[in-house]
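Notes for the structure review
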Amino acid sequence: MHIENLSLISFKNYDELSLTFSQNINCIVGPNGSGKTNILEAIHYLSMTKGAHNGIDSQNVKFTDPYFSIQGRFSLQKEVYDVVCYFQEGTKKSFKVNKQDYDKLSQHIGRFPVVLIAPNDTDIIRDGSEIRRKFFDAILCQLDKDYMANLFKYNHNLKQRNSALKQFNRSKKIDYDLMEKYNQYLIQYGKAVFEKRTDFMKKYIKYFLNQYAFISDNKENVGITYTSNFADADFEQQLRQSIDREVSLERSTLGIHKDDYKFLIDDNPLKKYGSQGQQKSFSIALKLGQFHHLLTKLKKKPILLLDDIFDKLDASRIKKLLKLIDDSTFGQVFITDAIEERTRGFMKDFNLQADFLKIENGSVK
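These notes cover the structure that comes with them. Values in this document were obtained by computation on a predicted structure and should not be read as measured data.

Conventions and cut-offs
Residues numbered from 1 in each chain as written. Predicted model: local features only at pLDDT ≥ 70, side-chain atom pairs only at ≥ 80, totals over all residues. Heavy atoms only, no water. Helix = DSSP H or I, 4+ residues; strand = E, 2+ residues; numbered from the N terminus. Pairing = 2+ DSSP bridges. Contact = heavy atoms within 4.5 Å. Axes fitted to C-alpha atoms, helices over the stretch in contact; angles between N-to-C directions. Parallel < 35°, antiparallel > 145°, perpendicular 65-115°, else oblique. Nonpolar A, V, L, I, M, F, W, Y, C, P; charged D, E, K, R; others polar. Core = buried A, V, L, I, M, F, W, Y, C linked by side-chain atoms within 4.5 Å. Buried < 20%, exposed > 50% of the residue type's maximum accessible area, 1.4 Å probe, protein only. Salt bridge = Lys/Arg side-chain N within 4 Å of Asp/Glu carboxyl O. Left-handed = near helix turned anticlockwise from the far one by under 90°. Polar contact = N/O pair within 3.5 Å; in protein donor to acceptor, adjacent residues only side chain to side chain. Phe/Tyr/Trp six-rings, centres within 6.5 Å; stacked < 30°, edge-to-face > 60°. Lys NZ or Arg CZ within 6 Å of the ring centre and 35° of its normal. Expected span 1.5 Å × (residues − 1).

Below, the discussion takes up the environment of Ala-231. Checked against the element boundaries, Ala-231 lands in the loop between strand S9 (222-227) and helix H6 (235-241). Residues Ala-231 and Phe-194, spaced 37 residues apart in sequence, show a C-alpha to C-alpha distance of 8.4 Å.

Here it is, written out as structure tokens:
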């Protein structure tokens, strides 16, 4: 699978832009702030229906313009798909494939998968549990429509439950029958999500471990442990006994929205004991594990987006990634870099053929 071309109107810093891509390696070079990452962001939009860095549609419209448009043509198994994303202030975002609308945007997720490796990936390690859940949820949602549906229903019920908790605290009256209803939905949808996450991690972990071993030359033992309230045998009892405390806090304190993925190195927390280099290796392995898991399940190679990696990774990790490209592990690859000569040097060192697109003042050579 690959994207053949891309057209932008009023997206980010671009008035209008039309690009044609190689189905192999595409190097996008230009000064910092010129809009290299915005091209990757547009490709991510066409895959995931939203940006990787900024999911708020209105903030991706070029300043003073009322709308943006992203169009791209994907080639998959000798079939072509014209994908159009259109957003205008005050209206619902439109998404079409070959001129056909979706009933729900979620139906598009997984059709044209991408994997993005970016400088801020170590945030998955350093930040709170929410960003880790979002990372793994994004993978699962591309693979399993039932998972996506149950997660949506759970979050909708959770929002209503939290609203009720706030109301009960302010009125000083608790409707325990209503809370039992919310609890039943939380248990029903939460259990479905918990079981999917548990099963996913059992399969994903082998891809992750293989990639970390390759990147680090088998120097450390690493692992990922999935933790959840739902693993407790008495979870339902805990949930019912927590109502009074949750009313005073005005929020739900138990459930899959509190799940976490513990990242370990030599059985210790990676966030605390891992070096900067080890954390970078771990984050790259997470993304490469994502690539291989999607490839295995979807039977198509995701597009790989490498954003500004040469400036943020040391030489050994860069060589590992380029070695994978040289071995044809990936399909279509996009690489951004502020220093053209550096990228050309890496391509030459590994004898890689690449198309170069140079960004200058919102236009491309």
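Spatial strand order, S9-S10-S11: 3 strands in an open sheet with antiparallel pairing. Every interior strand has two partners, whereas the edge strands, S9 and strand S11 (268-269), have only one. Here 6 bridges tie S9 to strand S10 (residues 260-265), and the two strands are oriented antiparallel to one another. Looking at S10, one finds that Gly-223 is bridged to Leu-264. Here helix H3 (residues 129-143) sits on the sheet in contact with S9 and S10, set at roughly 95 degrees to S10. Contacts from helix H5 (residues 176-216) reach S9 and S10, with the element oriented near 170 degrees to S9.

This next bit is on the packing of H3 against helix H4 (residues 145-171). H4 packs onto H3 with a crossing angle of 125 degrees between their chain directions and a minimal axis gap of 6 Å. Taken together, H3 and H4 sit at an angle that is classed as oblique. Seen from H3, the contacting residues are Asp-137, Leu-140, Cys-141 and Leu-143; seen from H4, they are Lys-145, Tyr-147, Met-148 and Leu-151. Taken together, the residues of the contact of H3 with H4 sort by class into 6 nonpolar, no polar and 2 charged.

Next up on the list: the nonpolar core. If you look at the biggest cluster of nonpolar residues, it comprises 68 residues, and the most contacted ones within it are Phe-136, Tyr-204, Phe-208, Ile-224, Phe-263, Phe-282 and Leu-286. Excluding anything up to four places from it in sequence, Ile-224 contacts Phe-136, Met-201, Tyr-204, Ile-205, Phe-208, Tyr-261, Lys-262, Phe-263, Phe-282 and Leu-286. Counting 37 residues, the second largest nonpolar core, distinct from the first, contains Leu-17, Leu-40, Leu-305 and Leu-357.

Here the focus is unusual backbone geometry. Backbone geometry at Gln-77 places phi at a positive 50 degrees, although glycine is not the residue there. Topologically, Gln-77 is positioned in the loop between strand S4 (67-76) and strand S5 (79-88). On the basis of relative accessibility, which here comes to 66%, the residue Gln-77 falls in the exposed class. One non-glycine residue with positive phi stands out, namely Asn-351, at about 55 degrees. On the basis of relative accessibility, which here comes to 62%, the residue Asn-351 falls in the exposed class.

In terms of strand pairing, strand S3 (residues 25-29) meets strand S14 (residues 355-360) through 4 bridges, oriented parallel. Paired with Asn-26 across the bridge in S14 is Asp-355. The antiparallel pairing of S14 with strand S15 (residues 363-364) creates a hairpin that spans 2 residues between the two strands, and Asn-361 there sits at a positive phi of about 55 degrees.

Here we come to the pattern of salt bridges. One pass over the structure, following the stated rule, counts 23 salt bridges. Taken together, the shared-partner salt bridges in this structure form one network comprising Glu-340, Arg-344, Lys-358 and Glu-360.

This next bit is on the packing of H5 against helix H9 (residues 276-298). Where H5 contacts H9, the two axes come as close as 7 Å, and the packing angle between them is 130 degrees. One way to sum up the angle between H5 and H9 is to call them oblique. Taken as a pair, H5 and H9 cross one another with a handedness that is right-handed. Class assignment for the residues of the contact of H5 with H9 results in 11 nonpolar, 8 polar and 2 charged.

Glancing now at the side chain of Asn-183. Tracing the sequence through the fold places Asn-183 in helix H5. Of the polar contacts made by the side chain of Asn-183, one reaches the side chain of Arg-161; its length is 2.9 Å. Contact partners of Asn-183, with chain neighbours within four places excluded, come to Arg-161, Leu-239, Arg-240 and Ile-243.

Time to look at the packing of aromatic side chains. Counted under the stated rule, the structure contains 24 aromatic pairs. On the basis of an interplanar angle of 90 degrees and a centroid distance of 5.7 Å, the ring pair of Phe-11 and Tyr-45 is categorised as edge-to-face. Residue Phe-11 is found in strand S1 (residues 2-11), and its partner Tyr-45 is found in helix H1 (residues 36-48); the two are separated by 34 residues along the sequence. Consider the rings of Phe-194 and Phe-230, whose centres lie 6.1 Å apart with planes at 25 degrees: the pair is stacked. Separated by 36 residues along the polypeptide, Phe-194 in helix H5 and Phe-230 in the loop between S9 and H6 bring together distant segments of the chain. The buried category is assigned to Phe-194, whose relative accessible area is 17%. For Phe-230, a relative accessible area of 12% translates into the label buried. Every member of this aromatic cluster is reached through a ring pair, and the members are Phe-135, Phe-136, Phe-194, Phe-200, Tyr-204, Tyr-226, Phe-230, Phe-235 and Tyr-261. Geometry around Phe-263 places Arg-132 over its ring, the cationic atom sitting 5.9 Å from the centre.

Glancing now at helix H10 (residues 315-326). Over its 12 residues, H10 runs 16 Å from end to end, which matches the ideal 16 Å to within 8%, given 1.5 Å per residue. Residues of H10 that are buried include every one of Arg-317, Ile-318, Lys-320, Leu-321, Leu-322, Leu-324 and Ile-325, and no others. Phi turns positive one or two residues past the end of H10, at Ser-328, with a value near 65 degrees.

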